[in-house]
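# Structure assessment
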Amino acid sequence: MAETGLFKRRMPGEPLVYSIPAHRSFSDALAAGLIAEFGRDPLALARGRVLLPNNRAVRTITEAFVRASGAGLVLPRLIAIGDPDIGERIGGALDPLDLVDEIPPAIDPLARQILLARLVRGEGESAAEAMRLADALARTMDALAVEEIPASRLIDAVTDSPELAAHWLHSIERFRGILDRWPDILAERGVIDLADRRSRLLHSMADRWAERPPEGFTLAVGITTSAPAIAAVLSRVARMETGAVVVPALADLRAMPEEEWDALGPDDDGRGEESHPQYHLKRLLDRIGIARDEVNPWRGGGRAASSAARGRAVVNAMVSADFSGKWMRLAPLERRLTGIRVAELPDPASEAQAIAIALRETVETPGATAALVTPDRDLASRVSAHLLRWGIEADDSAGLPLSKTPAGTLLLAIAAAAIENLAPVPLLALLKHPLVGGEGEDRLAWLDVVRALDLALRGPRPRAGIGGLDEHFEERKAESAWKKVRGLVLPISDSIAGMTNLGAIAAALRELAGSLAGDRAWRGADGRSAGELLEAIEASADARVMAAAPEDVVPLLRHLMDSVPVRRPYGGHPRIFIWGLLEARLQKADLMILGGMNEGVWPSAPSPDPWAAPQIRRALGLPGLEFRTGLAAHDFMSALGAPRVLLTRARRDGRSPTVASRLWLRLQAMTGGMTRDQRLERLARQLDASATTEPAPRPAPSPPIEARPKRIAVTDLDRLKADPFAFYAKAILKLRAEDPVDAEQHAAWKGTAVHEVLERWFKEDDCDPAKLAVRAQAMIEDDSIHPMLRALWAPRLLEAIDWIAEEMGRDRAEGRRPVLAETRGEAEVSGVKLYGVVDRIDRLPDGKLAIVDYKTGQAPRPKAVAEGFALQLGLLSLIARAGGFGEIKGEAACHEYWSLAKKNGRFGYRQSPDKDEGADAFVERAYAQFAEAAAKWLLGTEPFVAKLNPAYAPYEDYDQLMRLEEWYGRD
């Protein structure tokens, strides 16, 4: 028959379907074809309508019309039939609107999720886990609704699958129970499921158009879903006199022979090769009722096109495994992928670097466009960060989940601080949040206050709650800074008791966010999304009765926010894009970069369905878990049609080596090895190399004599001799290592706590052996001690404390008495002021002194003493001999470590470092070692070499400052 433009004459009821091949840009070809058809009549386009799969496709087609027209143009009505507000969309496509009013409204998705979570929540199950199961249940219910499979079929499916395991039977029984109750629950509320409503609307629209076709032309464009309702609409549109369906990237007979096409299925059981990129299109054509050879090629040209030969080669690469043997018989032209390059990088950071370089180079070409297409959001974020270094803000259409935006992280920080009862880490995270503390100068002043609190919260955690913080900051002399913050923090402490259900949690978060951040909490797209989410939760009656334990609040809130995408308003770079697979489906750029080409990423691993076993899905006729793999493969095949394509992957991820994507491996296998972009790989390496320096040499600073300290603690002699650089950093640069916030009670803390007990025992109890255990028990029961530490440490400590009491009683009986404890003393030795704190000095029966040092750990090894280290007790003897401890003056005849560690089967022992050489010789050796060190480093010009004796330099406080890893162990 003669043709009249796009809508050629055909027999009544004969469908009209077009295909735009993968090697052409779908949206641009569509716009070019329609403008060529109707461009002479400025209102002809406006009288038509174009059905599209989603809102993103509406934007894509609109932009394509703008590019193609070059001037003003009245567009056809663009209707996203996958839009949640499909009723309003269809209302714009139909006249009259009574169709929309006849069908009940859809239940709000969030209200539905919360309701399902209540229904699936089992006894003892957390609210967060119930919400996760509700998500999976909703997806399975939607799959049934989309495929229009009645719930009654579930019983037959179970009967047909007798081999099901017990846990599957239990899950399916719960599933059946919910499906049986669900229609009545919705009917009580006067609503229906969104998927059900969409199907009803689409069926009604197809029926209405069968009776009375709309005026103007109608095109169904880019829709690949083969759901019955969608297929009914497409079938009706294809049979209209001025209607047609346009599908993307359908392999023609020349590229994919009939034998391969037929092998896709479905078979007699209704199953086919779901992972094949053409399977879902074959399923759609079957439901429309048209054969592949009846599909016409679209006439429009458009931009960003590759060669048809490459398109056929791509189809050959995607052939089913049963037909892959034909690769050996293909002519070189039929498997040549000209214009496609690959880059393998060592890790994700390098991959992001290489992609950013390729995008940056595109900007240098006037008018050229480039897009990164990847399902890996971490990779997309890395690339965005690299581009920002060059002032390029890519148009990232996928956006961010609300939980990763400023407004979302603020809500999470408030929840964490409240639930953890103002523990230091979540409290500081909240106070440092960019939305808290004002703006401009107010923000800077606020951060000064928070830094003071940060320093005060270093070390073990204070007692929980506002009262514990009051005590802690008073003890740390930080009351002035705390008073400036306390008023804002107090409502958080007061709100904890009320956070018992999801509705109350949302109300509390809304109030707290407003008091902490004011209007800043609700500004911008993320603030609006956060406010709408909290408002929807508060409005839900089910949320108000959904109990949530404290440990559920943060994961529950994060789960809800993860499902809320926040997209930036238009304003990114006009030629650099980052697309997800859905966004890239109908559009192309001059350079398409397909990133993250590793198995499990592209295609992503199928998500298991916890409610319907694979056998049940098969028996019900639902698409299998591999169906999405086929969609991802089709997206991949379409993206390979750009003029230039770059495929990238990282050989390792953060944990282990990666496996290349099956799609990547197919291309490699067919071609015998794709062309590597060695220049890009080299540029990525060079950019990394240019940002690094040669490894630092071993540091050996040598400050002038006048800058060197003339005072030294007895405990610092070992540091000076073993690691002079560490002494330099501490004593000259005045650098000190801070404890972590909310630190565990580490060894140093344990030592300090025990020393305080023993000091009070001396000063208040005169070392009465009967009173020591009571003091130790009181210290152990302090609220600031972590219960786990108390349980593990208390038995060992109390046994060692009893040993100290026994030893003290024995010494008293022999005439030895403590005369000094925890006292600071100093004396000038070899021209340097030597100072230190002695744990205890005893007076022996002969009048001489005994210098005692308590150790919560092991005493120093004799080998260390023999090599000139661990001479602290000898140095304290020098101070005592010089009268540095006041009235307690004299020669020491005994030096002892009293260790609380375990030895010979019990906790507690004495060890004398002067056992082999005698007290006098020990003291003289200590003097000689000290005098030599002082002459070299404190009074002389010896450089402070890092890690001079690493065996006796165990502390790591200054390792980063000395850049230890760059030089240690090198020749």
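The present account deals with the structure reproduced in this document. What you see is a predicted model, and the numbers here were worked out from it, not measured in a lab.

### Re the sheet that holds strand S8 (residues 370-373)
- With respect to topology, seven strands assemble into an open sheet ordered S9-S12-S8-S13-S14-S7-S15, the strand pairing being parallel. Both edges of this open sheet fall to strand S9 (395-396) and strand S15 (675-676), since each of them pairs with a single strand only.
- Here two bridges tie S9 to strand S12 (residues 576-579), and the two strands are oriented parallel to one another. For Asp396, the partnering residue across the bridge sits in S12 and is Ile578.

### A look at the pattern of salt bridges
- The tally for this structure, following the rule as stated, stands at 57 salt bridges.
- With a closest N to O distance of 2.2 Å, Arg360 and Glu364 form a salt bridge.
- You can call Arg360 partly exposed: its relative accessible area is 27%.
- Of the residues examined, Glu364 reaches a relative accessible area of 54% and is grouped as exposed.
- One network of salt bridges, in which partners are shared, links Glu807, Arg810, Asp811, Arg816, Arg840, Asp842, Glu896 and Arg910.

### A closer look at the sheet that holds strand S5 (residues 243-248)
- Reading across from one edge, S3-S2-S4-S5-S1-S6 is the order of the six strands in this open sheet, with parallel pairing throughout. Whereas interior strands pair on both sides, the edge strands pair on one side only; in this sheet they are strand S3 (77-80) and strand S6 (296-297).
- One ladder, built from four bridges, connects strand S4 (residues 218-221) with S5; its direction is parallel. Looking at the pairing, Leu219 lines up with Ala244 of S5.
- Along the sheet, helix H2 (residues 55-69) contacts strand S2 (49-52) and S3; its crossing angle with S3, the most-contacted strand, is approximately 155°.

### Some details on the packing of aromatic side chains
- Within this structure, the stated rule accounts for 16 aromatic pairs.
- Their ring planes at 45° and their centres at 6.5 Å tell us that Phe7 and Phe38 sit as a pair that is tilted. Taken together, the residues span a long stretch of sequence, with Phe7 in the segment before strand S1 (17-20) and Phe38 in helix H1 (residues 26-38) at a distance of 31 residues.
- With relative accessibility at 10%, the residue Phe7 sits in the buried group.
- Exposure remark for Phe38: the relative accessible area of 15% places this residue in the buried category.
- In this structure, Arg649 is placed above the aromatic ring of Trp664, and the distance from its NZ or CZ to the ring centre is 6.0 Å.
- The side chain of Lys903 reaches across the aromatic face of Tyr909, ending 4.7 Å from its centre.

### Brief notes about unusual backbone geometry
- Cis geometry marks the peptide bond from Gly265 to Pro266, where omega comes out at 5°.
- Turning to its location among the elements, Pro266 is positioned in the loop between helix H11 (258-263) and helix H12 (279-288).
- A cis amide bond, omega 0°, links Trp602 with the succeeding residue Pro603.
- Along the chain, Pro603 turns up in the loop between strand S13 (591-594) and helix H25 (614-620).
- Although it is not a glycine, Cys767 sits at a positive phi angle of roughly 55°.
- Note on placement: Cys767 falls in the loop between helix H31 (747-765) and helix H32 (772-780).
- Even without a glycine there, the phi angle at Asn904 is positive, about 55°.
- Topologically, Asn904 is positioned in the loop between strand S20 (892-903) and strand S21 (906-911).
- Residue Asn904 is classed as exposed on the basis of its relative accessible area of 76%.

### Remarks on the packing of helix H16 (residues 406-419) against helix H17 (residues 424-431)
- Relative to each other, H16 and H17 sit at 150°, their axes nearing to 8 Å. Judged by the inter-axis angle, H16 sits roughly antiparallel to H17. Between H16 and H17 the crossing geometry is left-handed. Here H16 contributes Leu410, Ala413, Ile414, Ala416 and Ala417 to the contact with H17, which in turn contributes Pro426, Leu427 and Leu430.
- The residue makeup of the contact of H16 with H17, split by class, is eight nonpolar, no polar and no charged.

### Here's the deal with the packing of helix H21 (residues 502-517) against helix H22 (residues 524-539)
- Where H21 contacts H22, the axes come no closer than 8 Å and their chain directions differ by 140°. Judged on the interaxial angle alone, H22 and H21 are oblique. Taken as a pair, H21 and H22 cross one another with a handedness that is left-handed. Counting all contacts with H21, which are made through Leu502, Gly503, Ala506, Ala507, Leu509 and Arg510, the residues of H22 involved are Leu534, Ile537 and Glu538.
- Residue classes in the contact of H21 with H22 are distributed as six nonpolar, one polar and two charged.

### Considerations on helix H30 (residues 724-732)
- In terms of burial, H30 is largely enclosed, as nine of its nine residues are buried.
- What H30 keeps buried is the set Pro724, Phe725, Ala726, Phe727, Tyr728, Ala729, Lys730, Ala731 and Ile732.
- At its buried positions, H30 is contacted by strand S16 (711-713), helix H29 (717-722) and helix H36 (919-938).
- Two residues or fewer past H30, Lys734 is found with a positive phi of approximately 60°.

### Quick notes on the environment of Phe217
- Mapping Phe217 onto the fold places it in the loop between helix H9 (194-211) and S4.
- Residues Phe217 and Val50 lie 167 residues apart in sequence; the distance between their C-alpha atoms is 8.4 Å.
- What Phe217 contacts, discounting residues up to four positions off in sequence, is Phe7, Leu34, Phe38, Ala44, Leu45, Arg47, Gly48, Arg49, Val50, Pro76 and Thr242.

### A closer look at the pairing of S1
- Judged by which residues are buried, S1 turns out to be covered on both faces: Val17 and Ser19 on one side and Tyr18 and Ile20 on the other are all buried.
- As defined by bridge partners, S1 adjoins S5 across four bridges and the pair is classed as parallel. For Val17, the partnering residue across the bridge sits in S5 and is Val245.
- In this structure, S1 lies alongside S6, joined through two bridges in parallel fashion. Within the sheet, the bridge partner assigned to Tyr18 lies in S6 and is Asn296.

### Points about empty space enclosed by the protein
- Applying the stated rule across the entire model yields five cavities of 30 Å³ or more.
- As a volume, the largest cavity reaches approximately 120 Å³.
- Every residue lining the largest cavity is counted, 19 residues in all, and those nearest its centre are Ala584, Arg585, Lys588, Ser638 and Ala639.
- Looking at the lining of the largest cavity element by element, the count peaks at three residues for helix H26 (residues 627-639).
- Residue composition of the lining of the largest cavity, grouped by class: 13 nonpolar, two polar and four charged.
- Roughly 50 Å³ of internal volume is contained in the second largest cavity.
- Looking at the second largest cavity, the residues that line it are Pro53, Asn54, Arg56, Ala57, Thr60, Leu582, Glu583, Arg585, Leu586 and Gln587.
- Looking at the lining of the second largest cavity, its residues break down into four nonpolar, three polar and three charged.

### What about the pairing of strand S17 (residues 817-829)?
- Bridge count for S17 against strand S18 (residues 832-843) is eleven bridges, and the pairing is antiparallel. Across the sheet, residue Leu820 finds its bridge partner in S18, namely Ile841.
- The hairpin formed by S17 and S18 contains two residues between the paired strands, and Ser830 there has a positive phi angle of roughly 55°.

About the cut-offs
- Residues numbered from 1 in each chain as written.
- Predicted model: local features only at pLDDT ≥ 70, side-chain atom pairs only at ≥ 80, totals over all residues.
- Heavy atoms only, no water.
- Pairing = 2+ DSSP bridges.
- Helix = DSSP H or I, 4+ residues; strand = E, 2+ residues; numbered from the N terminus.
- Salt bridge = Lys/Arg side-chain N within 4 Å of Asp/Glu carboxyl O.
- Buried < 20%, exposed > 50% of the residue type's maximum accessible area, 1.4 Å probe, protein only.
- Contact = heavy atoms within 4.5 Å.
- Axes fitted to C-alpha atoms, helices over the stretch in contact; angles between N-to-C directions.
- Phe/Tyr/Trp six-rings, centres within 6.5 Å; stacked < 30°, edge-to-face > 60°.
- Lys NZ or Arg CZ within 6 Å of the ring centre and 35° of its normal.
- Parallel < 35°, antiparallel > 145°, perpendicular 65-115°, else oblique.
- Left-handed = near helix turned anticlockwise from the far one by under 90°.
- Nonpolar A, V, L, I, M, F, W, Y, C, P; charged D, E, K, R; others polar.
- 1 Å grid on protein atoms, 1.4 Å probe; cavity = no way out; pocket = protein on both sides within 12 Å on 5 of 7 lines; lining within 4 Å.
- Points joined across faces, edges and corners; volume = space filled by probe spheres on them.

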